[in-house]
Amino acid sequence: MQILRKSEWEGFKKILRMSRKEVIKKVKESGLKGKSGSNFPTGLKWELMGKGTRYLICNADEGEPGTFKDRFIMEKNPSLLIEGIAIASYAMDVHKAFIYLRGEYSYIKPKLERVIKQSEKYLKKINLKININLGAGSYLCGEETAILESIEGKRPVARQKPPYPSDVGLYGEPTCINNVETLANVPLIFLGEWNNKLELYSLSGDLENPGVYEIEIGTNLKQIVSLGKPRTKPKVIYFGASGGCLPYKKFENLSVNCKTISEQGAMLGPRSLIVCGKDRSIVELSKIITEFFLHESCGYCTPCREGNFRIWELLKKIEEGNGKKSDLKLMEKLAYHIGDTSYCALGSSSTTHLKCAIKYFKEEFLRLCR
Amino acid sequence: MQIKINGKGVKAKEGETILEVARRNKIYIPTLCYHPDLKPEGRCRVCLVEVNKKLVTSCNTKVEDKMEIFTNTKRVLEARRLNLELLLSNVSYIRKDFEVAKLAKELGIRKIRFKKYVDISKGRAPIEKDNHKCILCGRCVQVCQNIQKINNIDFVNRGIFTEANTPFNIPLKYSPCTFCGQCALYCPENALRERAFNEKLVKYVENMDLVRDSKFFIVQTAPSIRASLGEIFGMEPGTLVTGKMVSALRKIGFDKVFDTDFGADLTIIEEANEFVERIKKNKNLPLITSCCPSWIKFAEDTYPFLLKNISTCKSPQQMFGAIAKTYYAKKIGVKPENLIVVSVMPCISKKFEAEKLEMRSAGCPDVDVVLTTRELGRIIEKKKIKFAKLKDDEFDLPLGLSSGGGAIFGATGGVTESALRVAYELLTGEKLKKVDFKQIRGFEGIRDATIKIKNRNIRVAIVHGLGNIREMIESGKWKKYHFIEMMACPGGCIGGGGQPRPTTKEIRKKRMEALYRQDKNKEIRVASHNPAIKKIYKEFLGKPLGEKSKKLLHTKYKKRKPKYF
């Protein structure tokens, strides 16, 4: 795996001889894109930063169910991440960086602190301080603007965009928020021999060998799933909780990249695949995921707060065999409504799974309806 | 810049929101959580419009050049309706006059397809919250945090369990809440509201005839409610309804209808005397007013070092109550406990004040029942009195006679102006020719002026809104004044927590103008010229700051310790 390469801060030593603009140009040319699922070009993000006291935030709040690639990097190769943060800070003239670590990952904190201490001599060169902030367990904190609120000590709620964090971010100053995997890839760019196409996938579900795999973009679904050795014949693949799902049988030969997946109505997101076997009920799965969003909705806006609750109610009704066809219709309407009118990304993606489920497995819902 | 709304070209300025542009061009967009005084947050998602095939909230989306906006496509209308339906799915019942009810009618909601699920929670504080009605629009939270800056309520829990509550769900009674009631004033749903003061007594008031043999009912009406009561019955904001209010109260069945303006006159005489005494001794300056119980609670909770500066006078309501239960009860030969003093206030905090144990001059509470303007409106409606058609009536004597100085108590700056009128005559011994102190009128949060009275420069400051009060105290500016008027609600009592909804900045201003109009039309404009006041000092109280007035009209303050933790 290229992400496990020990770099010994060689990339950092190289960039010190380059100007800031050159660093950004190199990152832009490399084609590195955000690995959190947004696919925003990293170099461009760095270039767009506004004027003021800039901050960098490493988003290590890996809350998406079925995603654990960032944990893998932080456990196995944390110094690469710190080096990436140092390079990014140099490129954007940042002197204070934050690692926003998921609350459940608190056991990684001492390790990261140790690495930061070990690399102090490098960090001193660019006068950089790295803080580790622990999240308190909210899924919404993975959203970039909610992170800002959380670090400022407020209730995590997404902010209205625009203004974007690159202009008005943490404490009102321009802030860059990058994913762990994105930043860990940065030093590799400067070492040469970096393969742009390799990405980390988290495979989980009904598998013999779940785990993190490094896979080239465009590999088809069948190959990816077979790496994990499914226990039974896969029925449906969930792309995390918010990414929706696709039936395995129909899309076996689909080459997996963001575009192809979103064409089918789902969303690749942070490359997590939850493989569900043939004995799973799609209604039950939908209910479980809705329960997740019910728990994680922040309660800010109406559609997400009330709508997901109503969807859960309807799903329960259908699962118990009391549902009517009109209930299914209402549920579908609500699912599209929530996607349309929610305030933040959590709300609008909270029903992608249901939209896909109804799109591809309608008969199964209808079978349970009276 | 040029934008298009529903295909029609419209001009817009940069930085404006879609809603502002649409409202200016008279294009209707329904709103719910939006309030002109507050920052738009886009919580309720009712003001949706379609831009670029996406639905966005118009209240907090800024216009961009060449934007194409559609406000009435099928998709928009359906989304608005479904959102409101989701909001209302948890509301127990909706009264016709709530903002939400009007909206539901407009959007054509007839049936709600979802069931209710939350229980009612009730506390013993003057403000109660009904989770059955709350739709989490977030106005109360914003008022408490951004305007009043108490930060006592915020959203707790998340998802469907979200509710607006105090930190760690402390009962309001033990929290730093000042009961200013601004949260209730901004609530579109009556989910936050005044607690019925003492349910048994309120029932008395509603059915006075049943107990008339044993009880004698008198009512006092606060200076500011006559400028706002009409709004409940569809009148324009700023209509003075003094006469109609008096005859409505008589129709409800009160034996005597009196005026808190009388209490205000009394307060101002005591306060002006106290002020002059302190100025002469140069001790405990500045003198800070004490008419506002929310401010007193705020000081007792947060700034105990200011307590020595606060005037020891009771508020007009309590002075009136004390006089009624002692002087007036004796005069008409009724036992104090059989004299029921009801007061109609623009304020929720007055309920808290009337319940205080030290406010019992005759062995029973000085004021038995406190009703808010909204509650009085409800009683009038319940009794099926046609308010708009009532004839004008006059207050009863002697406790209904008042000066213009008492009348302006309800507006910010009124107490100061009225105190200056009396203090001028006390300090100079001359009669005041020009009674209007126009330099201290206005609507800014913190105003100050220097007034020259007989070689003395008297620096006064007027602060309204708890947020401004906090700013004033924490910046240390308060030390440089001689007299400071503090009012907890923006605009003073005319914007109080018990006033009719909706209350916006514009409406507050109109009510304020009405009060100054009333002052101008009064014959007596300085409190100390009020013959009823002169009489009461002669017959009963003796002299201002005398032994009897100290006992009846003054009180003490003490530091409050947090009880809960």
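Here, residues in each chain are numbered from 1, in the same order as that chain's written sequence. Starting at A for chains and at 1 for ligands, labels are handed out in the order in which the entities are written. Totals for whole chains, interfaces and linings use every residue, but because this is a predicted model, local features are given only for residues with pLDDT of at least 70 and side-chain atom pairs only at 80 or more, for both listing and counting.

(A) A look at the overall build of chain B. Of regular secondary structure, chain B possesses 19 helices and 17 strands. For a compact globule of 565 residues, the expected C-alpha radius of gyration is about 24 Å, and chain B comes in at 25 Å, within 12% of that figure. Dimensions along the principal axes, computed over C-alpha positions, put chain B at roughly 75 × 60 × 55 Å. In this scheme every C-beta is placed from the backbone, and a residue whose C-beta has 20 or more other C-beta atoms within 10 Å is buried, one with 12 or fewer is exposed, and one in between is partly exposed. Residues classed as buried in chain B amount to 50% of the 565 residues present. C-beta atoms are first placed from the backbone for all residues, and any pair lying within 7 Å is then listed as a contact. Intrachain contacts of chain B at a sequence separation of at least 6 include 72% that bridge at least 24 residues. Numbering of helices and strands starts at the N terminus; helices are DSSP runs of H or I of at least 4 residues and strands are runs of E of at least 2. To get the radius of gyration, use the C-alpha atoms; to get the globule rule, take the number of residues to the power 0.38 and multiply by 2.2 Å.

(B) Representation of the nonpolar core in the model. Residues B:Cys140, B:Cys183, B:Val219, B:Trp295, B:Ala324, B:Ala419 and B:Leu515 are the most contacted members of the largest nonpolar core, which totals 157 residues. Under the definition applied here, buried Ala, Val, Leu, Ile, Met, Phe, Trp, Tyr and Cys residues are grouped into a nonpolar core through C-beta atoms within 7 Å. Formed by 103 residues, the second largest nonpolar core is a distinct cluster that contains A:Ile3, A:Val180, A:Phe190 and A:Tyr300.

(C) The arrangement of the pairing of strand β1 (residues 2-5) of chain B in detail. All names here are of chain B. Alternating residues of β1 divide into Ile3 and Ile5, all buried, and Gln2 and Lys4, none buried. Across four bridges, β1 lies against strand β2 (residues 8-11) in antiparallel orientation. Each residue of the ladder has a partner; that of Ile3, found in β2, is Val10. Where β1 and strand β5 (residues 68-70) come together, two bridges link them in parallel fashion. Counted as the bridge partner of Ile5 is Ile69 from β5. When DSSP finds at least two bridges between two strands, those strands are taken to pair.

(D) Expanded view of unusual backbone geometry. With an omega of -5°, the peptide bond running from B:Leu285 to B:Pro286 counts as cis. In this structure, B:Pro286 sits in the loop between α9 (260-281) and β12 (287-288). Between B:Leu397 and the following residue, B:Pro398, the backbone shows a cis peptide bond with an omega angle of 5°. Along the chain, B:Pro398 falls in the loop between α13 (373-382) and α14 (404-407). One non-glycine residue, A:Arg271, lies in the positive phi region at around 55°. Along the polypeptide, A:Arg271 turns up in the loop between α11 (258-263) and β9 (272-277). When the 28 C-beta atoms within 10 Å are taken as the criterion, A:Arg271 is described as buried. For B:Leu545, which is not glycine, the phi dihedral falls at a positive 60°.

(E) How the structure looks around the interface of chain A and chain B. Listed per partner, the contact involves 22 residues of chain A and 22 residues of chain B. Of all the secondary structure elements, the ones that give two or more residues to the side of chain A that touches chain B are α12 (282-296), α13 (302-319) and α14 (325-341) of chain A. For the side of chain A that touches chain B, the element with the highest residue contribution is α13(A), accounting for seven residues. Taken together, the residues of the side of chain A that touches chain B sort by class into eight nonpolar, eight polar and six charged. Under the convention adopted here, Pro, Cys and the residues Ala, Val, Leu, Ile, Met, Phe, Trp and Tyr are nonpolar, Asp, Glu, Lys and Arg are charged, and Gly plus all remaining residues are polar.

(F) Seen up close, the sheet that holds strand β17 (residues 483-487) of chain B. All names here are of chain B. One open sheet accounts for four strands, arranged β12-β17-β16-β15; its pairing is mixed. Two strands bound the open sheet, and with one partner strand each, they are β12 and β15 (446-453). With eight bridges joining them, β15 and strand β16 (residues 456-464) adopt antiparallel strand pairing. Looking at β16, one finds that Thr450 is bridged to Arg459. Along the sheet, helix α16 (residues 466-474) makes contact with β15, β16 and β17, crossing β16 at roughly 135°. Fitting a line to C-alpha atoms yields each axis, with helices limited to the stretch in contact; the angle taken between N-to-C directions then spans 0 to 180 degrees.

(G) The packing of α9(B) against helix α11 (residues 316-332) of chain B, seen in detail. Residues and elements named next belong to chain B. Following both chains from N to C, one finds α9 and α11 inclined at 100°, their axes separated by 8 Å at the closest point. Between α9 and α11, the interaxial angle falls into the category roughly perpendicular. Residue-level contacts link Thr260, Phe262, Gly263, Ala264, Leu266 and Thr267 of α9 to Pro316, Gln317, Met319 and Phe320 of α11. Taken together, the residues that form the contact of α9 with α11 break down as six nonpolar, four polar and no charged. In this scheme, roughly parallel covers angles under 35 degrees and roughly antiparallel covers those over 145, while 65 to 115 is roughly perpendicular and the rest are oblique.

(H) Local environment of the packing of α14(A) against helix α16 (residues 352-360) of chain A. All names here are of chain A. Following both chains from N to C, one finds α14 and α16 inclined at 140°, their axes separated by 9 Å at the closest point. Between α14 and α16, the angle is such that the two are oblique. Remark: the crossing between α14 and α16 carries left-handed chirality. Residues Glu332, Ala335, Tyr336 and Gly339 of α14 pack against Thr352, Leu354, Lys355 and Ile358 of α16. Within the contact of α14 with α16, the residues separate by chemical class into four nonpolar, two polar and two charged. It is the rotation of the near helix from the far one that decides the hand of a crossing: anticlockwise by less than a right angle makes it left-handed, clockwise makes it right-handed.

(I) Just the domain arrangement of chain A, in detail. All names here are of chain A. Examined at the domain level, chain A breaks down into domain 1 (2-191), domain 2 (198-277) and domain 3 (282-368). For domain 1 versus domain 2, the separation of C-alpha centres amounts to 26 Å. Each partner contributes to the interface: domain 1 provides 14 residues, whereas domain 2 provides 17 residues. Its residues placed into classes, the side of domain 1 that touches domain 2 shows four nonpolar, six polar and four charged. Delimitation of the domains relies on an automatic or database domain assignment.

(J) Layout of the domain arrangement of chain B. Residue and element names in this part refer to chain B. Domain boundaries in chain B define domain 1 (2-84), domain 2 (127-194) and domain 3 (199-553). Between domain 1 and domain 2, the C-alpha centre-to-centre distance is 27 Å. If you look at the interface, domain 1 gives eight residues, while domain 2 gives nine residues. Counted by class, the side of domain 1 that touches domain 2 contains four nonpolar, one polar and three charged residues.

(K) Highlighting the confidence of the model for chain B. Residue-level pLDDT values for chain B average 88, and 97% of them are 70 or greater. As a predicted assembly, this complex carries a pTM of 0.88 together with an ipTM value of 0.88. Each residue gets a pLDDT score, which is the predictor's confidence in that residue and runs from 0 to 100.

(L) Region of the structure containing the sheet that holds strand β5 (residues 198-205) of chain A. Residue and element names in this part refer to chain A. Spatial strand order, β6-β5-β9-β7-β8: five strands in an open sheet with mixed pairing. Each edge of the open sheet carries a strand with a single partner, namely β6 (211-216) and β8 (245-247). Ignoring strand direction, the axes of neighbouring strands in this sheet form an average angle of 30°. Judged from the four bridges that link them, strand β7 (residues 234-238) and β9 form a sheet pairing that is antiparallel. By the bridge assignment for β9, Ile237 is matched with Val275.

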